[in-house]
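# Reading the structure
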Amino acid sequence: MRVYNFAAGPATLPLDVLTRAQSELTDWAGEGMSVMEVSHRSTAFVHTAQRAESTLRSLLGVGEDYEVLFLQGGATGQFSAIPLNLTAPGATVDYVHTGAWSAKAIKEAKKYADVRVVADEAATGYASVPDMGTISSGPGAAYLHYTPNETIGGVEFGYVPTVEAPLVADMSSTILSRPIDVSTFGLIYAGAQKNLGPAGLCVVIVRRDLLHQARPETPSIWDYTQMAAAGSMLNTPPTFAWYLLGLTLDWIVDVGGLSAMAERNQAKATAMYAAIDGSDYYSNPVAPNARSWMNVPFLLADPAREADFLAGAREAGLHNLEGHRSVGGMRASLYNAMPPEGVTALTDYMADFERHHG
Ligand SMILES: Cc1ncc(COP(=O)(O)O)c(C=O)c1O
């Protein structure tokens, strides 16, 4: 039986994508073998890879002045690749600290550059985002980095900061959840395993005028200029992941594109927060204007009942609701592929659990 999977990543994939992959697993594109077994340089695979890129470009409205790269090493690899590609030794870079993932990006960047933290939400316990209009890049910043959605804290920016320096965004847990104006960013990156497909790829969308400045010691596989010239195939890419990413993008197009996704995601999040706010038993610690559509952490009034809550949820076909190991509590990740019915099943279960234990 297929369950509702609320994991934060790797996360649920659209059922249509999985059944399509299943139907062509052993004989893909008339090749008489699976997509995993063909050369990444074969005409059939290169076509699939390029098609995924063009679908991503059209969904997000990526202009020709941007490169789209499919890299390995996850978003974590980009925490290093970004300063290596965009700064010279001794450069100053600005970071916004809104939670666990921006903290990791800051820690890594400190190995390569002089990091200036220009905004820090420590005062609220990282349950908020800076007010709109309060973030600015300092003099000489090579770029300003922020995390539009903090996957662990469930904290999301409802706006895009306007700053002078090139804006760099870790969109791992929010990319493709709604339309964005790519032209306001210098660089966008996202690990694939939430909204883009399975784990194994990290998409980097980088403005071309930011290329050609990688430090000489930058690993070639993370050198944006070299990878762009090689069609992201300087080495063997994870071909199966790339193929599934393409199928996931096709599914988003079929569902109606990013406006339809935004409507669906907002409705799911609204239903989830309504269930939490409408009860004295559940709570969410995040400031209302910073609540994430994608990751909804919540606490039970009686933490001793958490194990019962999770066990009952599992029995009801609602899996992976435990919060991140660093914070505990519960977390429901509601990425694109989570159907609205999954959220209804969860909110029904929550009401039922409260009736029995609240
Ligand atoms: C916002 C954010 N950034 C970075 C990462 C790290 O991604 P990866 O595991 O692909 O390195 C994650 C993973 O959950 C994330 O949610």
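Since we're looking at a predicted model, the values are computed, not measured. (Residues numbered from 1 in each chain as written. Predicted model: local features only at pLDDT ≥ 70, side-chain atom pairs only at ≥ 80, totals over all residues. Heavy atoms only, no water.)

This part is about helix α2 (residues 43-60). The terminal C-alpha atoms of α2 lie 26 Å apart, and with 18 residues this matches the ideal 26 Å at 1.5 Å per residue to within 8%. Buried within α2 we find Ala44, Phe45, Thr48, Ala49, Ala52, Thr55, Leu56, Arg57, Leu59 and Leu60. Tucked inside the fold, the buried residues of α2 contact β2 (66-71), β10 (202-207), α6 (239-255) and α7 (257-277). One or two positions beyond α2, positive phi appears at Gly61, with a value near 70°. (Helix = DSSP H or I, 4+ residues; strand = E, 2+ residues; numbered from the N terminus. Expected span 1.5 Å × (residues − 1). Buried < 20%, exposed > 50% of the residue type's maximum accessible area, 1.4 Å probe, protein only. Contact = heavy atoms within 4.5 Å.)

Applying the stated criterion across every chain yields a total of eleven salt bridges. As a salt-bridge pair, Arg208 and Glu67 come within 2.7 Å of each other at their nearest N and O atoms. Separated by 141 residues along the polypeptide, Arg208 in the loop between β10 and α5 (224-229) and Glu67 in strand β2 bring together distant segments of the chain. Judged by its relative accessible area of 15%, Glu67 falls in the buried class. The shortest N-O distance in the salt bridge between Arg291 and Asp277 comes to 2.9 Å. Placement of Arg291 in the loop between β11 (282-283) and β12 (295-300) and of Asp277 in helix α7 is noted, with a sequence separation of 14 residues between them. (Salt bridge = Lys/Arg side-chain N within 4 Å of Asp/Glu carboxyl O.)

Formed by 54 residues in total, the largest nonpolar core has its most connected members in Leu56, Leu60, Leu176, Leu196, Ile205 and Leu245. Looking at this core, the element that brings in the most residues is α6, giving nine residues. In this structure, Leu196 is in contact with Leu56, Ile175, Leu176, Ala190, Gly191, Val203, Leu245, Thr248 and Leu249, ignoring residues within four places of it in sequence. If you look at the next biggest cluster of nonpolar residues, it comprises 29 residues, including Ala8, Ala269, Met272 and Tyr273. (Core = buried A, V, L, I, M, F, W, Y, C linked by side-chain atoms within 4.5 Å.)

Bear in mind that shape data such as this cannot, by itself, settle questions of function.
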